[in-house]
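Topology and contacts: notes
As a plain string of letters, each chain reads:
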Amino acid sequence: MSHTMVIFGASGDLTSRKLIPALYRQFHRKKLPKPTRIVGVARSVFTSEQWRTQLAETTEKYAKADFAADDWKAFSESIYYLPGDISNEQDFHKLGAFLNDIEGDQQTDRVYYLSTMPQLYATAIAQMGKAGLNVDNHGHRRVIIEKPFGTDSVTARQLNDSIHQTFREDQIYRIDHYLGKETVQNMLVLRFGNTIFEPLWNRNYIDHVQITCAEEVKVGRRGDYYDKAGILRDMFQNHIFQLMMVTAMEAPVRYTGEFVRDEKVKVLQAVRPYKGSDFAENGVRGQYEGYCEEEGIPDDSQTETFAALKLYIDNWRWRGVPFYLRSGKAMSCRTTQIVIQFREPPHMLFGEQKSYRPEANRLVIQIQPAEGMQLHFQSKVPDSDMKLRLSELDFRFDSNGKELPDAYQRLLLDGLLGDPGLFARSDEVEQAWRIIDPIIAAWKSPAAPTLYTYEPGLWGPTQSSDWMHEQGRNWFDVCPMI
Ligand code: BG6
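Residues numbered from 1 in each chain as written. Predicted model: local features only at pLDDT ≥ 70, side-chain atom pairs only at ≥ 80, totals over all residues. Heavy atoms only, no water.

Structural notes on the sheet that holds strand β4 (residues 108-114)
- If you trace the six strands from one edge of the open sheet to the other, you get β3-β2-β1-β4-β5-β6, paired in parallel fashion. Whereas interior strands pair on both sides, the edge strands pair on one side only; in this sheet they are β3 (79-83) and β6 (172-174). Geometrically, the sheet is characterised by an average inter-axis angle of 20 degrees between neighbouring strands, direction not taken into account.
- Examined bridge by bridge, strand β5 (residues 141-145) and β6 share three bridges and lie parallel to one another. (Pairing = 2+ DSSP bridges. Helix = DSSP H or I, 4+ residues; strand = E, 2+ residues; numbered from the N terminus. Axes fitted to C-alpha atoms, helices over the stretch in contact; angles between N-to-C directions.)

If you want it as structure tokens, here you go:
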């Protein structure tokens, strides 16, 4: 069996920064099935040889220590480039002939990766259909689709409908690179590969859950896209909801793509829709100072670069436990973490200490850039009367000192080998939009809650901390030690 990956949007940044380095690294680690051919398609006109030369430079930069000249030479012999325009049907027929030619009569699984502008997804797929590129023929045909998948539930549904005219659902792989992160998959192992956490993982022991995706970077050169998207579309509908799903889901019957995705989607189905005053009270909006001066941003933009939401998951496990979700650009540090905040002990035996108030147990799961987890608990200060102090069990998710694989490495391999478990299903994507749509609409309406500004380098607007204090809680605002 041989494999081919066709990348539409080959001249784009994602291809050189993520896709090719990820495929190269898998080759270097001898994990890429042999033979795997890569065919880039974009409008720019250059030859395969010219594309290989460009990619050699960028791959050396992004694959860093994994880059070895000999390996690159062997890997790049299977890279091809074909100029093509998505609006031109003939170019798809040419692509088909080109693929048949390089694949010969070998049984080949083909994956088409859509890394183009999202507006072109539906057209590209329809053209593939017209050229017969979707038909399983001497091997499987699959399509990987980058985010954003639609801009709301209506457009996501339309896109699903239109793709389903060409590809079956089992051929469609909607990528969310957070699912490719080793530490996100480790959440499933933590929860379902151990017995000690599960009995505590519910409303009886957990006061609330915090999921934070903080970034230090600003919008950079993506202003044009970002100002239309805002943080709810850019981070919540996809990445943060994925983290919420793996935190909250029930154990699947078996570890297979369909069973896992069935359980994940049930979490979204159980999210309590906002009503009435929830829109104003259950969230905080922020924009960093100087955002409107960035390239591509209108002077009077009201787009959020920070948001915090409080959601409830109405099922037996989570009823009454708030999930606080927060993300922002231009924050104190880059950190993605999930905090499981346990309840206070029902009765405190050890008298009040003047300068120390014991905190309840907390499990901090570090997704990135630190990778690991810490369990916070109280212990006795040695050689004191019964004085308490906060102690910590620290686990580092380490692969023998080596850098963990990039999320795209795992996902591209799964795409080539036909494992859909770490990709989003159509119902999951649509359900996620159904939660976010009304919040976006309310936040755009005249009754929107105030858009607070915040100084870059902080944890978002100070009102976000005030909001937590009013609820008797605190954000866990700690930059990870790496
Ligand atoms: C992307 C968003 O999907 O995820 C970006 O469009 C964001 O705005 C990025 O910076 C974050 O990904 P990661 O892997 O760096 O946390």
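Having seen it, we continue.
Here's the deal with a nonpolar patch on the surface
- Among the surface-exposed residues, Met348, Leu349, Phe350 and Met386 lie close enough to one another that they form a single nonpolar patch of about 390 Å² accessible area.
- If you trace the backbone, Leu349 turns up in the loop between β11 (335-342) and β12 (362-368). (Patch = residues over 30% accessible without salt bridge, like charges linked within 9 Å, V, L, I, M, F, W, Y side chains within 5 Å. Areas by Shrake-Rupley, 256 points an atom, 1.4 Å probe, with all protein chains shown as cover. Salt bridge = Lys/Arg side-chain N within 4 Å of Asp/Glu carboxyl O.)

Regarding the nonpolar core
- Ranked by size, the top nonpolar core spans 135 residues in total, and within it Phe75, Tyr113, Met128, Phe236, Phe241, Met244 and Ile365 carry the most contacts.
- The element contributing the most residues to this core is helix α8 (residues 223-248), with twelve residues.
- Ile365 has contacts with Met187, Leu190, Trp201, Thr336, Gln337, Ile338, Ile340, Gly372 and Met373, leaving out every residue within four places of it along the chain. (Core = buried A, V, L, I, M, F, W, Y, C linked by side-chain atoms within 4.5 Å. Buried < 20%, exposed > 50% of the residue type's maximum accessible area, 1.4 Å probe, protein only. Contact = heavy atoms within 4.5 Å.)

Some points on helix α5 (residues 121-130)
- All buried positions along α5 are accounted for by Tyr121, Ala124, Ile125, Gln127 and Met128. Taken down its axis, α5 places every buried residue within 160 degrees of arc, on the same side.
- Lining the buried residues of α5 we find β1 (2-8), α4 (89-103), β4, β5 and α6 (153-164).
- Among the residues trailing α5, Gly132 stands out with phi positive, at a value near 75 degrees. (Arc of directions from axis to C-beta.)

Some remarks on the sheet that holds strand β14 (residues 388-396)
- Spatially, the nine strands line up as an open sheet ordered β14-β13-β12-β11-β7-β10-β9-β8-β15, and their pairing is mixed. The open sheet has two edge strands, β14 and β15 (451-454), and neither has a second partner. Shown here is a sheet whose adjacent strand axes are inclined to one another by a mean of 20 degrees, direction ignored.
- Strands in contact with helix α12 (residues 426-444) are β8 (283-288) and β9 (306-312); relative to β9, the strand with the most contacts, it is inclined by about 130 degrees.

Looking at α12
- A rise of 1.5 Å per residue sets the reference length of α12, with its 19 residues, at 27 Å; its end C-alpha atoms lie 26 Å apart and thus fit the reference within 8%.
- The largest bend in α12 comes to about 30 degrees, at Ile436, with the proline Pro438 one to four residues further on. (Expected span 1.5 Å × (residues − 1). Bend = angle between axes of the 7 residues up to and from the residue.)

So, the state of the cysteines
- Taken as a whole and assessed by the stated rule, the structure comprises one disulfide.
- Bridging Cys333 to Cys479, the disulfide has an S-S length of 2.2 Å. The disulfide joining Cys333 to Cys479 has a torsion of about -100 degrees about its S-S bond and is therefore left-handed. With Cys333 in the loop between β10 (322-328) and β11 and Cys479 in the segment after α13 (462-470), this residue pair connects regions lying 146 residues apart in the sequence. (Disulfide = S-S within 2.5 Å.)

Overview of the site of the ligand
- The ligand sits among Lys147, His177, Tyr178, Lys181, Glu215, Arg222, Asp234, Met235, His239, Lys329, Arg334 and Gln368.
- Contact between the ligand and Glu215: an oxygen atom at 2.5 Å from a side-chain N or O atom of the residue.
- The contact in question runs from an oxygen atom of the ligand to an N or O atom on the side chain of Arg222, over 2.8 Å.
- Look at the ligand: alone it shows 400 Å² of surface, and the protein chains cover 81% of it. (Near = heavy atom within 4 Å. Polar contact = N/O pair within 3.5 Å; in protein donor to acceptor, adjacent residues only side chain to side chain.)

A word on the packing of aromatic side chains
- Within this structure, the stated rule accounts for 23 aromatic pairs.
- Ring geometry for Tyr324 against Trp475: centres 6.0 Å apart, planes inclined by 75 degrees, an arrangement best described as edge-to-face. Remark: Trp475 occurs in the segment after α13 and Tyr324 occurs in strand β10; sequence separation between them is 151 residues.
- With a centroid separation of 6.4 Å and an interplanar angle of 35 degrees, the aromatic rings of Trp467 and Trp475 are classed as tilted.
- Of the residues examined, Trp475 reaches a relative accessible area of 8% and is grouped as buried.
- Among the aromatic residues, those joined into a cluster by ring pairs are Tyr24, Phe27, Phe67, Trp72 and Phe75. (Phe/Tyr/Trp six-rings, centres within 6.5 Å; stacked < 30°, edge-to-face > 60°.)

Details of the side chain of Thr336
- With respect to the helices, strands and loops of the structure, Thr336 is situated in strand β11.
- On the basis of relative accessible area, Thr336 is assigned to the buried category, the value being 1%.
- With residues up to four places along the chain from it excluded, the contact list for Thr336 reads Tyr178, Thr212, Cys213, Leu243, Ile365, Gln366, Ile367 and Gln368.

Side note on the packing of helix α9 (residues 257-270) against α12
- Contact pair α9 / α12: the axes reach a minimum separation of 9 Å and the direction vectors enclose 15 degrees. By the angle between their directions, the pair α9 and α12 is classed as roughly parallel. When you trace α9 past α12, the crossing you get is left-handed. Contacts between α9 and α12 involve Arg261, Lys264, Val265, Leu268 and Gln269 from the first element and Asp427, Glu428, Gln431, Ala432 and Ile435 from the second.
- Split into classes, the residues belonging to the contact of α9 with α12 amount to four nonpolar, two polar and four charged. (Parallel < 35°, antiparallel > 145°, perpendicular 65-115°, else oblique. Left-handed = near helix turned anticlockwise from the far one by under 90°. Nonpolar A, V, L, I, M, F, W, Y, C, P; charged D, E, K, R; others polar.)

Just geometry here; none of it tells us what the structure is for.
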